[in-house]
Amino acid sequence: MTIDIILDQIYEMPITSKEQLKKHISEIHFTKNHLLMQANCVEQNIYFIKKGVVRAFAPFVEQDITFWFGEEAATILSMKSYVEGKKGYENIELIENCELYELNIEVLRKLFQEDIHIANWGRRLAEKELLKIESRLISAKMKSAKERYDELMEISPSLIQRVPLKHIASYLSITQVSLSRIRKIK
């Protein structure tokens, strides 16, 4: 996935604005199981997935609770760090070896002040992330486990091959046994 496609999916900017933004984006690589972000830290960067899969989770006594997956073209960011410059609550772990694009948040804030198109891109990024969060919240509260599983498979069918089932079960707030039952119904 190219950075141009990823940026345009968020908000299409004039070429000069996009090129200015791209000057501050670098490509980085990390191996599977790398912890990209840690809870209770102010994150300095946002990332875009060129290749790979990641998960967001919160540690609990018995097991981690997975609450988000990201695949190619997804944005990885701590909203608290991005919006308020405060410590985030999420841990981001790489499930596969990943190729990422990295952008420093402070540099991005300066670009917001210099270019209205980049500022609008940043606003759209936050709006799209908010809609994703709202959708996950509504799904978690109003849909059955089977409906949540079906929705996940409709949106991201490759996850079932790429993500350990324990993480998918955690994401769906069910046990692995329940996940196996749901999958047998298909």
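Conventions used here
- Within each chain, residues carry numbers counting from 1 in the order of the written sequence.
- The predicted nature of this model means local features are confined to residues of pLDDT at least 70 and side-chain atom pairs, given and counted, to a pLDDT of 80 or more, with totals for whole chains, interfaces and linings taken over all residues.
- Calculation of side-chain values draws on the structure's entire complement of heavy atoms; hydrogens and water are dropped beforehand.
- Planes of paired rings set the category: under 30 degrees apart is stacked, over 60 is edge-to-face and the rest tilted, where pairs are Phe, Tyr or Trp rings (Trp by its six-membered ring) whose centres lie within 6.5 Å.
- By definition, any uninterrupted DSSP run of H or I lasting at least four residues is a helix, any uninterrupted run of E lasting at least two residues is a strand, and each is numbered from the N terminus.
- Only protein chains enter the calculation, and the probe is 1.4 Å; a residue is then buried if its accessible area is under 20% of its type maximum, exposed if over 50%, and partly exposed in between.
- Cation placement over rings: the criterion is NZ of Lys or CZ of Arg within 6 Å of the ring centroid and within 35° of the ring normal.
- Two strands qualify as a pair provided that DSSP identifies no fewer than 2 bridges between them.
- Side-chain atoms within 4.5 Å link the members of a nonpolar core, which is a set of buried Ala, Val, Leu, Ile, Met, Phe, Trp, Tyr and Cys residues.
- Contact between two residues is taken to exist if any of their heavy atoms lie within 4.5 Å; hydrogens are not considered.
- Only the contacting stretch of a helix is used when fitting its axis, a line to C-alpha atoms as for every element, and angles between N-to-C directions run 0 to 180 degrees.
- We define a salt bridge as a side-chain nitrogen of Lys or Arg found within 4 Å of a carboxyl oxygen belonging to Asp or Glu.

Caption draft 1: Quick peek at the packing of aromatic side chains. A complete count under the given rule lists 3 aromatic pairs for this structure. Considering the side-chain rings of Phe67 and Tyr89, the 5.9 Å spacing of their centres and the 35° angle between planes classify their relative orientation as tilted. Of this pair, Phe67 sits in strand 5 (residues 65-70) while Tyr89 sits in the loop between helix 3 (79-84) and strand 7 (91-94), placing them 22 residues apart in sequence. Judged by its relative accessible area of 47%, Tyr89 is partly exposed. Here the basic side chain of Arg55 rests over the ring of Phe57, its NZ or CZ set 4.0 Å away from the ring centre.

Caption draft 2: Inspection of the pairing of strand 4 (residues 54-58) at higher detail. Of all 5 residues in strand 4, 5 are buried, a share of seventy percent or more. The turn linking strand 4 back onto strand 5 is made up of 6 residues.

Caption draft 3: Structural view of the nonpolar core. Counting residues in hydrophobic clusters, the biggest one holds 20 residues, and the most contacted among them are Leu21, Ile46, Phe48, Leu103, Leu108 and Trp121. Contributing elements (two or more residues each) for this core: helix 1 (3-10), strand 3 (45-51), strand 8 (98-104), helix 4 (105-114) and helix 5 (116-142). If you tally residues by element for this core, the top one is helix 1, at 4 residues. In contact with Phe48, not counting residues within four places along its chain, are Ile3, Ile6, Ile10, Ala74, Thr75, Glu99, Leu100, Tyr101, Leu103 and Trp121.

Caption draft 4: Representation of the sheet that holds strand 8 in the model. Judged by pairing direction, the sheet is antiparallel, and its 4 strands sit side by side in the order 1-8-3-6 without closing on themselves. In this open sheet, the two edge strands, each paired with only one partner strand, are strand 1 (25-30) and strand 6 (75-76). Where strand 3 meets strand 6, 2 bridges bridge the pair, whose relative direction is antiparallel. Paired with Tyr47 across the two strands is Ile76, which belongs to strand 6. Contacts from helix 4 reach strand 3 and strand 8, with the element oriented near 50° to strand 8.

Caption draft 5: Here's a closer look at the pattern of salt bridges. Under the counting rule described, the total for this entry stands at 18 salt bridges. For Lys50, the salt bridge is made with Glu99, and the minimal N-O distance between the two is 3.8 Å. Of this pair, Lys50 sits in strand 3 while Glu99 sits in strand 8, placing them 49 residues apart in sequence. The class for Lys50 is partly exposed, based on a relative accessible area of 23%. Across the pair Arg162 and Glu96 runs a salt bridge whose closest N-O atoms are separated by 2.8 Å. Of this pair, Arg162 sits in helix 7 (residues 159-162) while Glu96 sits in the loop between strand 7 and strand 8, and the two are 66 residues apart along the sequence.

Caption draft 6: Structural view of the pairing of strand 5. Taken together, the 5 bridges between strand 4 and strand 5 define a ladder with antiparallel strand orientation. In the sheet register, Ala56 faces strand 5, and the bridge partner there is Trp68.

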